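# Remarks on the overall topology
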Amino acid sequence: MPRLKAITTGSVPSFLDVILNIAESDTTSTLAYQDTWLAQLKARDDKLVMYGDDTWLKLFPGMFDRADGTTSFFVSDFTEVDNNVTRHIPEELQHSDWSALIMHYLGLDHIGHKAGPKSPYMMSKQQEMDSIVSQVYSAIEQEEHLQSTLFVLCGDHGMNDAGNHGGSSTGETSAALLFVSPKFKARGVQKESPVEAFNELQYYRTIEQTDITPTLAGLLGLPIPLNSLGVFIPEFLVMWDHGFERVHILLENAKQLLRTIKATFPSYTFESSAIRSTCESGPSTDMEEAQCAWSQVHELLHESHTDEIPSLIQAALLRFLRISQSVMSSTAGNYDLQRLYLGIFAAGVAALLSFPATYRLLASSHYSGSFLLFSIFGYSAMMFASSYVEEEQQFWYWIFTGWIFYLHIKSNGYQGKCLTSDHMLKEDRQLLSLFSAAGTIGLGITYRILRRWNQTGQKLAAEPDIARTFFSAHQDTLWFLVILTYANTYKHLLISSPSPLVWRLVSLFATLVAFIFKLTFVASDSPELLGESFLGPLADTVGHVSLVLQARVVFCGVALMVLYAMVTRSGILRVSDKHKGKS
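None of the values given here were measured: they were computed from a predicted structure.

On the UniProt side, "transmembrane region" (unreviewed entry) is annotated at positions that read residues 340-359, 371-389, 395-411, 431-450, 470-489, 501-523 and 543-567 here. Secondary structure content for residues 395-411 is 100% helix and 0% strand, and the end C-alpha separation is 24 Å. A helix fraction of 95% and a strand fraction of 0% characterise residues 470-489, whose end C-alpha atoms lie 25 Å from each other.

Here it is as structure tokens:
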């Protein structure tokens, strides 16, 4: 949602937009009443069509004349979310009644979240997207009513090596952007493709995501949205024949940004006479640079027209636009520090009020209470650095190690008292020492295995680990451990309750159907984990049964267990009450 806001309004998303993006039921983040290029199209009675991510429908309720949305939160779906878009394309390309057709595909994003950018599913999905692009562009070239169509292919975000996004790494903030139209070829706007990349994630050049908004507005002949902070992409100025037409496009963009700056910084003036001395002595702040850049534009606009003037004005306008964009984008992170301090003060007062009760509790715990208090202070301090937040697991690894070390020292102290006791035999002392040493070694081994089970955080997220690297190459080991887990669950079910034949059968039924559901789900969601496993044939056999039906059977089995446990426990309690009455 934050990236769609940037693309349609041209404004910089705030922290609140990120929070509201998680709340799927949220309706307060709608852009229906904000100025967007979609609203500009709708204002002139144009038809809009959307297929794909239903976030568009939540942001723009009632905006689209035809739409078919798909939820973006079921990340295991790589196929249907895209097929639901593709099936509409042939029909829509034949229609001439729409002015904007939005196709928001989710498959690549889901594959990234599920298995990362190096997933075996990635190449086939990219080839599928290539075929869609080819289909759309072929129609644009062949269909007469599509001759003036602009085809924009873009990603709203990138991903890191683990397939996630939301951070500040280059992979996450480098999204692809491509403008395609037969008119570009007619105008001689041609770029060599493919080109040799001078940077892993950069080809021609980079722009701000907000630049898409004024560029679309200029190319489509629309007013630039009111809150846009974008700059018209200058490579498209060749679409206008005359220099002063190009100046007009950039000047409208500059006036719109100037109004925004004046509203944000009312104490600054942009009158040339008032800022001449500042510009002559040299600007010292970003705002003064913006003032001087606008003063230069103003002077060039009032000079006598020559052949060189349009190109000079264009350069001056672009300089002003980029400086203004930088100034306004930085204000998006200027929060009210006084309110932040007030919040920290309120949290501190609450902590102080709870201190007496906490102290009494920790005082009775001695060293363990002190360790808990140290952990709380350490974790609180860690929240003040984003790098520590991204690698939070390292803190918990360290705390876990420290706590185990404390317990081990404490246990050794207790065992030392036992070993020096006169009541213990020599053989028992040797056995206790042996168990202590074995326990220490076993604890170290299991801790190391846990550390390597899943790579988390940002820096090591794509590094080899047990869950993704070892088990994918040793599938039988993985499924042996899964079977062992379900067998252990069944054993505990038998131990936790009296075990007549009925309870054993119900527990066995629930455990088996749960395991089969797990097997079928993995076969549909991550088939690479079953390709060479000894359970592959079983998965093929049960794979024809609907996952929804299997899930219902599992819930029925659990419900039978709960119901049987309640009935038998109620009967035991009644029998117990009768015995008490007789006594």
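Read on for the rest.
Take the environment of His145 next. Within the secondary structure, His145 sits in the loop between helix H8 (120-142) and strand E4 (151-154). We classify His145 as partly exposed; its relative accessible area is 33%. Considering only alpha carbons, one finds His145 and Ser96, 49 residues apart in sequence, at a separation of 6.2 Å. Discounting residues that sit within four places of it in the chain, His145 has contacts with Leu93, Gln94, His95 and Ser96. A distance of 3.0 Å separates the side chain of His145 from the backbone oxygen of Leu93, its partner in a polar contact. Within the structure, His145 has its side chain in polar contact with the backbone oxygen of His95 (distance 3.2 Å).

Let's shift gears to the pattern of salt bridges. Counted under the stated rule, the structure contains 9 salt bridges. Among the salt bridges present, the one from Asp97 reaches Lys47, with a minimum N-O distance of 3.6 Å. Of the two residues, Asp97 sits in the loop between helix H6 (89-94) and strand E3 (98-104) while Lys47 sits in strand E1 (residues 47-53), which places them 50 residues apart along the sequence. Asp97 gets classed as partly exposed once you look at its relative accessible area, which sits at 32%. Lys47 gets classed as partly exposed once you look at its relative accessible area, which sits at 35%. Glu235 serves as the salt-bridge partner of Arg205, at 2.6 Å between the closest nitrogen and oxygen. Placement of Arg205 in the loop between helix H10 (182-186) and helix H11 (212-220) and of Glu235 in the loop between H11 and helix H12 (243-264) is noted, with a sequence separation of 30 residues between them. By relative accessible area, which is 37% here, Arg205 ends up partly exposed. Overlapping salt bridges, with partners in common, bring together Lys47, Arg66, Glu92 and Asp97 in one network.

A word on the state of the cysteines. For the structure shown, the criterion picks out 1 disulfide. Each sulfur of the disulfide joining Cys279 and Cys292 lies 2.2 Å from the other. Between Cys279 and Cys292, the disulfide has an S-S torsion of -105° and is therefore left-handed. With Cys279 in helix H13 (residues 272-281) and Cys292 in helix H14 (residues 286-301), this residue pair connects regions lying 13 residues apart in the sequence.

Okay, the environment of Gln393 next. Mapping Gln393 onto the fold places it in helix H20 (residues 392-419). The buried category is assigned to Gln393, whose relative accessible area is 14%. Sequence separation of Gln393 and Thr456 is 63 residues, and the distance between their C-alpha atoms is 7.2 Å.

All told, the structure shown has 16 aromatic pairs when counted by the stated rule. Measuring from ring centre to ring centre gives 5.5 Å for Tyr486 and Phe515, while their planes differ by 75°; the resulting arrangement is edge-to-face. With Tyr486 in helix H23 (residues 475-495) and Phe515 in helix H24 (residues 501-525), the pair connects residues that are 29 residues apart, well separated along the chain. Overall, the relative accessible area of 12% leaves Phe515 in the buried class.

Turning next to the sheet that holds strand E2 (residues 66-70). Spatial strand order, E2-E1-E3: 3 strands in an open sheet with parallel pairing. Bordering the open sheet on either side are E2 and E3, each of which pairs with just one other strand. With direction set aside, neighbouring strand axes in the sheet form an average angle of 10°. Across 5 bridges, E1 lies against E2 in parallel orientation. Within E2, the position partnered with Asp53 by the bridge is Thr70.

The next point concerns the packing of H12 against H14. Interaxial distance between H12 and H14 falls to 12 Å at its minimum, and their mutual angle equals 140°. With respect to H14, the axis of H12 lies oblique. Here H12 and H14 pass one another in a crossing that is left-handed. Of H14, the residues touching H12 (which contributes Leu251, Ala254, Leu258 and Ile261) are Met287, Trp294 and Leu301.

What follows is about a nonpolar patch on the surface. Together, Ile441, Ile445, Ile449, Trp453, Phe480, Leu481 and Leu484 make up a nonpolar patch on the protein surface, roughly 650 Å² of accessible area in all. Listing elements by their share of the nonpolar patch, those giving two or more residues are helix H21 (426-453) and H23. Among the elements that line the nonpolar patch, the one with the most residues is H21, at 4 residues. By the secondary structure assignment, Phe480 is in helix H23.

Cut-offs applied
Residues numbered from 1 in each chain as written. Predicted model: local features only at pLDDT ≥ 70, side-chain atom pairs only at ≥ 80, totals over all residues. Heavy atoms only, no water. UniProt positions renumbered as here; feature names shortened; annotations may be inferred. Helix = DSSP H or I, 4+ residues; strand = E, 2+ residues; numbered from the N terminus. Buried < 20%, exposed > 50% of the residue type's maximum accessible area, 1.4 Å probe, protein only. Contact = heavy atoms within 4.5 Å. Polar contact = N/O pair within 3.5 Å; in protein donor to acceptor, adjacent residues only side chain to side chain. Salt bridge = Lys/Arg side-chain N within 4 Å of Asp/Glu carboxyl O. Disulfide = S-S within 2.5 Å. Phe/Tyr/Trp six-rings, centres within 6.5 Å; stacked < 30°, edge-to-face > 60°. Pairing = 2+ DSSP bridges. Axes fitted to C-alpha atoms, helices over the stretch in contact; angles between N-to-C directions. Parallel < 35°, antiparallel > 145°, perpendicular 65-115°, else oblique. Left-handed = near helix turned anticlockwise from the far one by under 90°. Patch = residues over 30% accessible without salt bridge, like charges linked within 9 Å, V, L, I, M, F, W, Y side chains within 5 Å. Areas by Shrake-Rupley, 256 points an atom, 1.4 Å probe, with all protein chains shown as cover.

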